[in-house]
Amino acid sequence: MSATLLQGKELSLQIQSEIADKVKALTAAGGKVPHLAAVLIGNNGASETYVDHKVKACEKVGFKSTLVRHDDTISEGDLLRVVDELNENDDIDGFIVQLPLPKHIDVNKVIEAIKPSKDVDGFHPINFGRMAGNMPAYIPATPDGIIEMLKRYKIETTGKHTVVVGRSQIVGTPVSILLSRAAYPGDSTVTLCHRHTKDLASFTKSADILVVATGIPGMISGDMVKEGVVVIDVGITRVEDKSRKSGYSLKGDVDFDSVAPKASYITPVPGGVGPMTIASLLKNTFLAAEKAIYKG
Ligand code: NAD
């Protein structure tokens, strides 16, 4: 079998161009320009790159964007005040606080301080609960990007066995909820595996759809999957690569070379799930500007 590549990069550009058209229509009708703010704490290289991509994507689709930067010495109280200012700023439709945060800050306190109507990352318990209840909500960007990818490639999920490896609050757990909901994509039977799962291969081998989000490069090898599996590789890890100018290359959690020959569909890394995440963040920001989920 030769796998079809799930081209997240191309799909993301297509979605961004659809959003850019909607922005033009919205502003032509007298609506305000959607405005996303991103809060970046400290100088974490990967976080800086992610935020930079998000800000650039905003500009490309015609959104306004604001970057709010603070040192990693900021106190929890001061960060909560920053969140509150963004909550109260009527020009800002939605905002994200880039994770991870410094250890002295309670991330849950910060997430809970974000107004649900501006929580375009979908991390607030209200959005998370609404998502689980199949109610309108901001869906976290990476899981939403995965769902959008399955939808646009018309991949059948109903009645399939989906195995999700990794149970983080931002990827694995929401993906497991979304793919078991009574919806399309969804209606699949989901097994959620994590670091305490015994004999992981016994689960992954029975997966029709396999979503991997652990951050362990190459952990899923060809002998752990069955013929025809649909593989969504969320992992992005920088591994040393002296042959590259940057000194590193990006590796997924799936060993592409041994898994792709058995798969029906597979995401490349990079260029698979990553760009879809950006498209979904823009989609959520547009929904926020339209007040499509939370009225008024
Ligand atoms: P995390 O680090 O918060 O959690 C890792 C999960 O993997 C945990 O639930 C843990 O139980 C599980 N795990 C660890 N070892 C395991 C093992 N041996 N067997 C089974 N499960 C095991 O994860 P995260 O924040 O979801 O990130 C995972 C990866 O996805 C990282 O590489 C991250 O960079 C990447 N990521 C990519 C995007 C994107 O836009 N493409 C977005 C978010 C995260």
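Above this text sits the structure in question.
Note that the structure is predicted; figures quoted are calculated from it, not measured.

A few points about the site of the ligand
Lining the immediate surroundings of the ligand are 21 residues, of which Arg167, Ser168, Arg195, Ile236 and Thr277 lie closest. The separation between an oxygen atom of the ligand and a polar main-chain atom of Arg167 is 2.8 Å. The backbone of Arg195 places a nitrogen or oxygen atom 3.0 Å from an oxygen atom of the ligand. Against a free-state accessible area of 860 Å², the protein chains account for coverage of 74% of the ligand. If one sorts the elements of the shell around the ligand by residue count, helix H10 (residues 273-290) sits on top with 3 residues. A breakdown of the residues in the shell around the ligand according to their chemical character gives 9 nonpolar, 10 polar and 2 charged.

Observations regarding a negative patch on the surface
A surface patch of negative charge is lined by Asp84, Glu85, Glu88 and Asp90. In this fold, Asp84 is placed in helix H3 (residues 76-88). Residue classification places Asp84 among the partly exposed positions, given a relative accessible area of 42%.

Some thoughts on the sheet that holds strand S6 (residues 189-193)
The parallel open sheet is built from 6 strands, whose spatial order is S1-S11-S8-S7-S5-S6. Bordering the open sheet on either side are strand S1 (4-5) and S6, each of which pairs with just one other strand. Relative to strand S7 (residues 209-212), strand S5 (residues 161-165) runs parallel, the two sharing 4 bridges. Each bridged residue has a counterpart across the sheet, and for Val164 the counterpart in S7 is Val211.

Comments concerning the environment of Val225
Mapped onto the secondary structure, Val225 falls in the loop between S7 and strand S8 (230-233). In this structure, the C-alpha to C-alpha distance between Val225 and Lys205, residues 20 residues apart in sequence, is 4.3 Å. When neighbours within four sequence positions are excluded, Val225 is seen to be in contact with Thr204, Lys205, Leu210, Ile220, Val259 and Lys262.

Comments concerning the pairing of strand S3 (residues 64-70)
Direction of pairing for strand S2 (residues 35-41) relative to S3: parallel, over a ladder of 7 bridges. Of the residues in S3, the one forming a bridge with Leu40 is Arg69. Handedness of the crossover joining S2 and S3 through helix H2 (residues 45-61): right-handed.

Details of the nonpolar core
Membership of the largest hydrophobic core comes to 49 residues, with the highest contact counts inside it found for Phe63, Ile146, Val211, Ile232, Val234 and Leu282. When residues of this core are assigned to their parent elements, the largest contribution, 8 residues, is made by H10. Contact partners of Val234, with chain neighbours within four places excluded, come to Thr142, Ile146, Val171, Val211, Val212, Ala213 and Val273. One finds Ala201, Val212, Val254 and Val259 within the second-largest nonpolar core, a separate group that totals 18 residues.

Thoughts on the sheet that holds S3
Read from one edge to the other, the open sheet built from 3 strands follows the order S3-S2-S4, with strand pairing classed as parallel. With one partner strand each, in any of the chains shown, S3 and strand S4 (94-97) form the two edges of the open sheet. Averaged over all neighbouring strand pairs, the angle between strand axes comes to 15°, with direction disregarded. Strand direction decides the pairing type here: S2 and S4, joined by 4 bridges, are parallel. Paired with Val39 across the two strands is Val97, which belongs to S4. H3 rests against S2, S3 and S4 of the sheet, and its axis sits at about 175° to S2.

Quick word on the layout of surface pockets
Estimates place the volume of the second largest pocket at around 290 Å³. The wall of the second largest pocket is formed by 18 residues, among which Leu250, Lys251, Gly252, Val269 and Pro270 lie closest to the centre. For the lining of the second largest pocket, the secondary-structure elements that each account for two or more residues are strand S10 (248-251) and helix H9 (256-259). Looking at which element gives the most residues to the lining of the second largest pocket, the answer is S10, with 4 residues. Across the lining of the second largest pocket, the residue classes break down as 8 nonpolar, 5 polar and 5 charged.

A short note on the side chain of Ser188
Note that Ser188 resides in the loop between helix H7 (172-180) and S6. Of note is the side chain of Ser188, whose polar atom sits 2.8 Å from the backbone oxygen of Leu179. Setting aside anything within four residues of it in sequence, one finds Ser188 in contact with Thr157, Gly159, Lys160, Thr162, Leu179 and Ser180.

Observations concerning empty space enclosed by the protein
Under the defined criterion, the tally for this structure stands at 2 cavities of 30 Å³ or more. Counted as a void, the largest cavity has a volume near 50 Å³. Contributing to the lining of the largest cavity are Val97, Leu99, Ile111, Ile114, Asp119, Asp121 and Phe123. Residues belonging to the lining of the largest cavity are distributed by class as follows: 5 nonpolar, no polar and 2 charged.

Procedures and definitions
- Residue positions are given per chain, counted from 1 along the sequence in the order it is written.
- Per-residue local features are limited, in this predicted model, to residues with pLDDT of at least 70; the limit for side-chain atom pairs, both in listing and counting, is 80 or more; totals at the level of whole chains, interfaces and linings are taken over all residues.
- Hydrogens and water molecules were not included; the side-chain quantities draw on all heavy atoms of the structure.
- Here a residue counts as near a molecule or strand whenever at least one of its heavy atoms sits within 4 Å of it.
- Think of a polar contact as two N or O atoms within 3.5 Å of one another; within protein, one of them needs to be a possible hydrogen donor and the other a possible acceptor, and neighboring residues in sequence only count if both atoms come from side chains.
- Surface exposure here means Shrake-Rupley accessible area, sampled with a 1.4 Å probe, where a residue is shielded only by the protein chains that are shown.
- Per the convention used, a helix needs a DSSP run of H or I reaching at least four residues, while a strand needs a run of E reaching at least two, with both numbered from the N terminus.
- Here the nonpolar group is Ala, Val, Leu, Ile, Met, Phe, Trp, Tyr, Cys and Pro; Asp, Glu, Lys and Arg are the charged ones; every other residue, Gly included, is treated as polar.
- Residues enter patches when they are more than 30% accessible in relative terms and free of salt bridges; like-charged ones are connected within 9 Å and nonpolar ones (Val, Leu, Ile, Met, Phe, Trp, Tyr) within 5 Å.
- The salt bridge definition used is simple: a Lys or Arg side-chain nitrogen within 4 Å of an Asp or Glu carboxyl oxygen.
- Counted as positive: Lys and Arg. Counted as negative: Asp and Glu, with His and the chain ends omitted from the count.
- The atoms used to mark charge sites are NZ of Lys, CZ of Arg, CG of Asp and CD of Glu.
- Accessibility here uses a 1.4 Å probe with only protein chains present; expressed as a share of the type maximum, an area under 20% marks a residue as buried, one over 50% as exposed, and anything in between as partly exposed.
- Should DSSP find at least two bridges between two strands, the strands are taken to pair.
- In what follows, residue pairs with any heavy atoms lying within 4.5 Å of each other are defined as contacts.
- By convention, orient the strands away from the viewer: a clockwise path from the first strand over the helix to the second makes the crossover right-handed.
- What makes a nonpolar core is a set of buried Ala, Val, Leu, Ile, Met, Phe, Trp, Tyr and Cys residues whose side-chain atoms join them at distances within 4.5 Å.
- Every axis corresponds to a line fitted to the C-alpha atoms, with the helix fit spanning only the stretch in contact, and the corresponding angles, defined between N-to-C directions, vary from 0 to 180 degrees.
- Cavity: a set of points on a 1 Å grid over the protein atoms alone where a 1.4 Å probe fits but cannot get out. Pocket: an open set with protein on both sides within 12 Å along at least five of seven lines, its lining residues, like those of a cavity, having an atom within 4 Å of a point.
- Grid points are joined across faces, edges and corners, and a volume is the space filled by probe spheres set on the points.

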